[in-house]
Amino acid sequence: ILVFLKEYMPLLNEVCPSAELIITGRNPSQRIYDAAAPYSNIKIVPNPKDIMDVITKGNYYICPIHTGSGLKLRSMDALRIGLPVLAHQVSTHGYEGIQRDGYLFSYSSKDDFKTALKKLIQLHDCRQQVIDSYYSHFSFEAGKERMKVITAKIAK
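Residues numbered from 1 in each chain as written. Predicted model: local features only at pLDDT ≥ 70, side-chain atom pairs only at ≥ 80, totals over all residues. Heavy atoms only, no water.

**Regarding the side chain of His 88**
Thinking step 1. Note on placement: His 88 falls in strand S4 (residues 85–88).
Thinking step 2. Apart from residues lying up to four places away in sequence, His 88 is in contact with Cys 63, Pro 64, Ile 65, His 66, Tyr 107 and Ser 108. (Helix = DSSP H or I, 4+ residues; strand = E, 2+ residues; numbered from the N terminus. Contact = heavy atoms within 4.5 Å.)

Encoded structure:
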């Protein structure tokens, strides 16, 4: 979050001057509050009782996590309720199908971020399409189909 606020927030404001950013999570540090303080368009919601109540208020979801590996579950939550996602490239593993569908955008540099952000904000009124994409890749039925393919490959 701190890297995002320092490096990418100015770009977000440049591309989308009327954007509002909500940061939520458990026990945000004082460093996050201090880094967000210069921006009048950032709201911090600490320790929400139900994080989904916060996420559903957005139009888009940004996942700036740039370390670690694996599926970032908050991105999955956002997609499940129909929010297109902008995520650091590290946080896109496992979402390649939704990226191909055009509802998840990735970045790994400031230039990539601006390009991906511009594509993201072109999406309007697409919640149902994002939900459909999510379920086509992550539903029980989609999982069964993947298992059939894997089983067929193993059987050969």
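**Regarding the packing of aromatic side chains**
Thinking step 1. Evaluated as defined, the whole model comprises 8 aromatic pairs.
Thinking step 2. Ring geometry for Tyr 107 versus Phe 113: centroids 5.0 Å apart, planes at 85 degrees, classification edge-to-face.
Thinking step 3. On the accessibility criterion, Tyr 107 (1% relative accessible area) is buried.
Thinking step 4. When its relative accessible area of 0% is taken as the criterion, Phe 113 is described as buried. (Phe/Tyr/Trp six-rings, centres within 6.5 Å; stacked < 30°, edge-to-face > 60°. Buried < 20%, exposed > 50% of the residue type's maximum accessible area, 1.4 Å probe, protein only.)

**Things to note about a nonpolar patch on the surface**
Thinking step 1. Together, Met 147, Ile 150 and Ile 154 give the surface a local cluster of nonpolar side chains, amounting to about 320 Å² of exposed area.
Thinking step 2. Mapping Ile 150 onto the fold places it in helix H8 (residues 140–155).
Thinking step 3. Judged by relative accessible area, which is 42%, Ile 150 ranks as partly exposed. (Patch = residues over 30% accessible without salt bridge, like charges linked within 9 Å, V, L, I, M, F, W, Y side chains within 5 Å. Areas by Shrake-Rupley, 256 points an atom, 1.4 Å probe, with all protein chains shown as cover. Salt bridge = Lys/Arg side-chain N within 4 Å of Asp/Glu carboxyl O.)

**So, the packing of helix H7 (residues 127–138) against H8**
Thinking step 1. Packing of H7 against H8 brings their axes to within 5 Å, and their N-to-C directions diverge by 40 degrees. The angle between H7 and H8 falls in the class oblique. Between H7, through Tyr 135, Ser 136, His 137 and Phe 138, and H8, the contact on the second element is made entirely by Phe 140, Ala 142 and Arg 146.
Thinking step 2. Classifying every residue of the contact of H7 with H8 by side-chain character gives 4 nonpolar, 2 polar and 1 charged. (Axes fitted to C-alpha atoms, helices over the stretch in contact; angles between N-to-C directions. Parallel < 35°, antiparallel > 145°, perpendicular 65-115°, else oblique. Nonpolar A, V, L, I, M, F, W, Y, C, P; charged D, E, K, R; others polar.)

**Remarks on the side chain of Thr 92**
Thinking step 1. With respect to the helices and strands, the residue Thr 92 is situated in the loop between S4 and helix H5 (96–101).
Thinking step 2. Overall, the relative accessible area of 6% leaves Thr 92 in the buried class.
Thinking step 3. One polar contact links the side chain of Thr 92 to the main-chain carbonyl oxygen of Gln 89, over a distance of 2.8 Å.
Thinking step 4. For Thr 92, the residues in contact, after removing those within four places along its chain, are Ala 87, Gln 99, Leu 104 and Ser 106. (Polar contact = N/O pair within 3.5 Å; in protein donor to acceptor, adjacent residues only side chain to side chain.)

**Brief notes about the packing of helix H1 (residues 2–15) against helix H6 (residues 110–120)**
Thinking step 1. Interhelical geometry of H1 versus H6 gives an angle of 40 degrees and a closest axis separation of 10 Å. As judged from the angle between their axes, H1 and H6 are oblique. The two elements H1 and H6 meet at a crossing, and its hand is right-handed. Here H1 contributes Phe 4, Glu 7, Tyr 8, Leu 11, Leu 12, Glu 14 and Val 15 to the contact with H6, which in turn contributes Lys 110, Phe 113, Lys 114, Leu 117 and Lys 118.
Thinking step 2. The residue makeup of the contact of H1 with H6, split by class, is 7 nonpolar, no polar and 5 charged. (Left-handed = near helix turned anticlockwise from the far one by under 90°.)

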